[in-house]
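Single-letter residue listing:
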Amino acid sequence: MTRRKYTSKFKTKVVLEAIKEQSSVAELAQKYELAPQQINLWKREFLAHADSVFDQKGKSKKLQVDEEKDQLLKAIGQLKVENDFLKDALR
């Protein structure tokens, strides 16, 4: 038997249905052909990390800015080395 992999979109869909409590975990497990323990695990993980959802936007932006800054500094360093080499070559 092969192990099935689920997308984060699918997991979120199942967890949100579980949180709504319109159906029992057993009913959801049967509906999506999952073990009830799996749904409970996903639900616990989701709730444990729910507070970081609103922090992610700021962090990812900051990481993106830091990466861009590093790339620009690297380019500046390379251009400075090339510029110094060319100055020495003209003398």
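See the structure printed just above.
Below, the structure is looked at part by part. (Residues numbered from 1 in each chain as written. Predicted model: local features only at pLDDT ≥ 70, side-chain atom pairs only at ≥ 80, totals over all residues. Heavy atoms only, no water.)

**A closer look at the environment of Phe-10**
Turning to its location among the elements, Phe-10 is positioned in helix H1 (residues 8-20). Once the C-alpha coordinates of Phe-10 and Tyr-32 are considered, the two residues, 22 residues apart in sequence, prove to be 9.8 Å apart. Here Phe-10 is in contact with Tyr-32, Leu-34 and Trp-42, once residues within four sequence places are set aside. (Helix = DSSP H or I, 4+ residues; strand = E, 2+ residues; numbered from the N terminus. Contact = heavy atoms within 4.5 Å.)

**Focus: the layout of surface pockets**
Each pocket or cavity is described by its volume, and for the largest pocket that value is around 160 Å³. Taken together, Ser-8, Lys-11, Thr-12, Val-15, Trp-42, Glu-45 and Phe-46 make up the full set of residues lining the largest pocket. If one sorts the elements of the lining of the largest pocket by residue count, H1 sits on top with 4 residues. (1 Å grid on protein atoms, 1.4 Å probe; cavity = no way out; pocket = protein on both sides within 12 Å on 5 of 7 lines; lining within 4 Å. Points joined across faces, edges and corners; volume = space filled by probe spheres on them.)

**Side note on the packing of aromatic side chains**
Inspection of every chain in the model, using the stated rule, returns 4 aromatic pairs. Centre to centre, the rings of Tyr-6 and Trp-42 are 5.4 Å apart; their planes meet at 75°, and the pair counts as edge-to-face. Here Tyr-6 is found in the segment before H1, whereas its partner Trp-42 is found in helix H3 (residues 36-48), with 36 residues between them in sequence. With a centroid separation of 6.3 Å and 85° between ring planes, the pair formed by Phe-10 and Trp-42 is classed as edge-to-face. Pair noted here: Phe-10 is in helix H1 and Trp-42 is in helix H3, with a separation of 32 residues, a long-range link. (Phe/Tyr/Trp six-rings, centres within 6.5 Å; stacked < 30°, edge-to-face > 60°.)

**Remarks on H1**
Here H1 is 13 residues long and its end C-alpha atoms lie 18 Å apart, about the 18 Å a rise of 1.5 Å per residue gives. Buried-residue contacts for H1 involve helix H2 (25-32) and H3. (Expected span 1.5 Å × (residues − 1).)

**Description of the environment of Lys-80**
Along the chain, Lys-80 turns up in helix H4 (residues 53-90). Between the C-alpha atoms of Lys-80 and Lys-11, which are 69 residues apart in sequence, the distance is 50 Å.

**Regarding the packing of H1 against H3**
For any two helices packed against each other, the geometry is given by the interaxial angle and the distance between the axes. Here H1 crosses H3 at 90°, and the two axes come no closer than 9 Å. As summarised for this structure, H1 and H3 are arranged roughly perpendicular, according to the angle between their axes. From H1, Phe-10, Lys-11, Thr-12, Val-14, Val-15, Leu-16, Ala-18 and Ile-19 reach across to H3, where they touch Ile-39, Trp-42, Lys-43, Phe-46 and Leu-47. By residue class, the composition of the contact of H1 with H3 is 10 nonpolar, 1 polar and 2 charged. (Axes fitted to C-alpha atoms, helices over the stretch in contact; angles between N-to-C directions. Parallel < 35°, antiparallel > 145°, perpendicular 65-115°, else oblique. Nonpolar A, V, L, I, M, F, W, Y, C, P; charged D, E, K, R; others polar.)

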